[in-house]
Number of protein chains: 2
Amino acid sequence: MRLLLLIALLLPLTAAVGGKNYQRVDVMEIARNYDIMVADQDYDDDSDDDDNDSDDNNVHHYDDSCPPGCHCTPRVVQCSDQGLIGVPGKLPSDSLMIDLQNNDITEIKEDDFKGLEKLYGLFLINNRISKIHPRAFKNMNNLRLLYLSYNALTQIPADLPPNLVELRFHENRINRIQRDAFKGLRKLHVLELGANPLANSGMELGAFNGLSTLYVGMSENKLTAVPKDLPSSITELNLEYNKIFKIEVEDLIRYKNLQRLSLSFNQIRFVENGSLAKIPNIREIHLDNNALKKVPAGLSSLRYLQVIFLHANKISSVGINDFCPLRFGEKKNLYNGISLFANPVKYWDVHPGTFRCVGGRRGVQLGNFRK
Amino acid sequence: MRLLLLIALLLPLTAAVGGKNYQRVDVMEIARNYDIMVADQDYDDDSDDDDNDSDDNNVHHYDDSCPPGCHCTPRVVQCSDQGLIGVPGKLPSDSLMIDLQNNDITEIKEDDFKGLEKLYGLFLINNRISKIHPRAFKNMNNLRLLYLSYNALTQIPADLPPNLVELRFHENRINRIQRDAFKGLRKLHVLELGANPLANSGMELGAFNGLSTLYVGMSENKLTAVPKDLPSSITELNLEYNKIFKIEVEDLIRYKNLQRLSLSFNQIRFVENGSLAKIPNIREIHLDNNALKKVPAGLSSLRYLQVIFLHANKISSVGINDFCPLRFGEKKNLYNGISLFANPVKYWDVHPGTFRCVGGRRGVQLGNFRK
């Protein structure tokens, strides 16, 4: 009997442990970074003593105003993992960070965050949110970090806070981005849209109007080509695990600032000549796990390229000038990562001089050929 | 012949790939965070247009003033992975971040960073640095992040920049910290000392004088007890992979702000009654992979405790009140992670009510008993 009870009790719990595998966010660590950000303004030099026993005034228990299931410290309200089905009421009005990750919240209502005008970071990861009231984020002029990953949203919420710097929607159900969806988010640097059912046709012309982001993440979407309409300011673009089948010159012409491009796990058969010359600042390209039959043209002219992943393709020959310029010293940065394993190329057919512009202790990975 | 040449060429390269496994730092990502930090001050609202084609002025090639082996953008100088044996000369004087990780630098000389007074982050990870000139960091009043992990330092460098927020020495050869080693670092939040040959006796009394850090990392050292003299301000303490064999009340009395404590992979046989009551704000305790024979006393009184790892110990019985308070509703936060697997306790002897204060979808891990 006792055993049966135990099993009954443990089943849902153990299922949860092995369940939805979401990427936790360490809000304490972010809070430490927040402290970095305000370090200049925020330090009152009120103690010059070196006896470290006087710091006890750091401890606060806001128990009276702290909602059940939460732990409140002066800057951070932690309410993660409590099975909450809605945003708790009476959140302290001076909160800078609120951690609500891993609960069962289904909806964000108009007044859920009312009065939290100082809020800097809001973490709603891994809930079941499908509805956000259009005025839910009103007056949140200090909000910089809004993490909505692992929820059930089908579109980009309206009227996002104007000063957002990071906006994350990984693993939702977004299949359409309307024109001007992010308009007014002039400070946005990081836009994460990975693991949504977004096809190229799902992004309206002008969807990214007004943005000058540095990073866009669109892995695990339904893209068949590199999106041509992303902000031209991006330095990093993640397009892993899509269905892209070729790269054309037109695709990259806009992204002159790009430093890191990942196209791993697509179905790319060829890269049009001249495409890579459009991204002269590139430092790292991931083209592994595609269907390339040769090394893409133009690598040797990319002065800053250090990493090129080409493993798990169908490359059957490698030319002596595929990676390095003819004249020694022309390339400015040495490679430190070239991967060619799991290709049908025979390594004894690769001329050793092929890797003459690879750094001393750094690496080329050949071998482990796929049958 | 060609094959031999190739093997000769590849041997040192592949050795490097499989070699020293250091944790890379993504300086581009940190630079994005830096942009967050200066977001308020730094934005000139000079463009109100929505056509994203006018951002091309973001691209800069400081080629003339950029040292060989580096890639210079207005804020960030990237010189990683280039086999450099010294800090390059002529680093742009307006640099905010300099990435020199994964090179062969052995020494930091007096004038290596001269004139870099705006510098915010300096990344010297994975070099062979054993010597730093005492005046090398002079006038670096803006330096916040100094990463010196994976080098060959034997002591804490003298005269560290006064406004550091993060200071990292993971995997060096530091075996002694002298009194006042960090004196004056009033803003330091993160101090990483993991993987150094530091014993408790290696830290002089007053070694941490003047600090009010939030995080101290001392995993993989040679500690036999919890250090009693760390800053009382810490919210997180990592002591994994040491040789600590017991926890006494005195050990934790100082750390009232502690929210996360990791003691995994030590040799702890017992936790003295009353020890855990000294850390009332604790949210997460890792005591897995030790030699505990029972569940430590006092867990049920820790209102905010959500995670307690006890797996891989020698616990042979679990009491019904080991985790949860007698009166339901007394504990404020529910558990979401209790691990008990790989202990000799028989799961049918554990009363189901033992886990009455565990969150709904959250977890208890029993089972997988070690023989």
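The structure displayed is predicted, hence computed values, not measured ones.

Calculation rules
- Residues numbered from 1 in each chain as written.
- Chains lettered and ligands numbered in written order.
- Predicted model: local features only at pLDDT ≥ 70, side-chain atom pairs only at ≥ 80, totals over all residues.
- Heavy atoms only, no water.
- Disulfide = S-S within 2.5 Å.
- Buried < 20%, exposed > 50% of the residue type's maximum accessible area, 1.4 Å probe, protein only.
- pLDDT = per-residue confidence, 0-100.
- Contact = heavy atoms within 4.5 Å.
- Phe/Tyr/Trp six-rings, centres within 6.5 Å; stacked < 30°, edge-to-face > 60°.

## Quick notes on the state of the cysteines
Next, step 1: For the coordinates displayed, the defined rule picks out six disulfides over all chains.
Next, step 2: With a sulfur-sulfur separation of 2.1 Å, Cys66(A) is cross-linked through a disulfide to Cys72(A). Across the S-S bond of Cys66(A) and Cys72(A) the torsion is about 85°, and the bridge reads as right-handed. Pair check on accessibility: Cys66(A) and Cys72(A) agree, each one buried.
Next, step 3: Two residues, Cys70(B) and Cys79(B), share a disulfide whose sulfurs are 2.2 Å apart. Residues Cys70(B) and Cys79(B) share a disulfide whose torsion about the S-S bond is about 110°; that sign makes it right-handed.
Next, step 4: What makes Cys79(B) buried here is its relative accessible area of 0%.
Next, step 5: Of note for chain A: the bonded cysteines, numbered N- to C-terminal, pair according to 1-3, 2-4, 5-6.

## Some thoughts on the confidence of the model for chain A
Residues and elements named next belong to chain A.
Next, step 1: Here chain A averages 85 in pLDDT, while 83% of its residues score no lower than 70.
Next, step 2: Low pLDDT (under 50) marks residues 39-62, which in the prediction has 43 contacts with non-local residues, meaning those over four places away or in another chain.
Next, step 3: The ipTM for the predicted assembly is 0.77, set against a pTM of 0.83.

## Details of unusual backbone geometry
Next, step 1: Unusually for a residue other than glycine, Ala342(A) sits at a positive phi of about 60°.
Next, step 2: You can call Ala342(A) buried: its relative accessible area is 12%.

## A short note on the packing of aromatic side chains
Next, step 1: Going through the model one piece at a time under the given rule, you end up with 14 aromatic pairs over all chains.
Next, step 2: Consider the rings of Tyr347(A) and Trp348(A), whose centres lie 5.1 Å apart with planes at 75°: the pair is edge-to-face.
Next, step 3: Residue Trp348(A) is classed as partly exposed on the basis of its relative accessible area of 43%.
Next, step 4: A ring pair is formed by Phe323(B) and Tyr335(B), whose centres lie 6.2 Å apart and whose planes are at 90°; its orientation type is edge-to-face.

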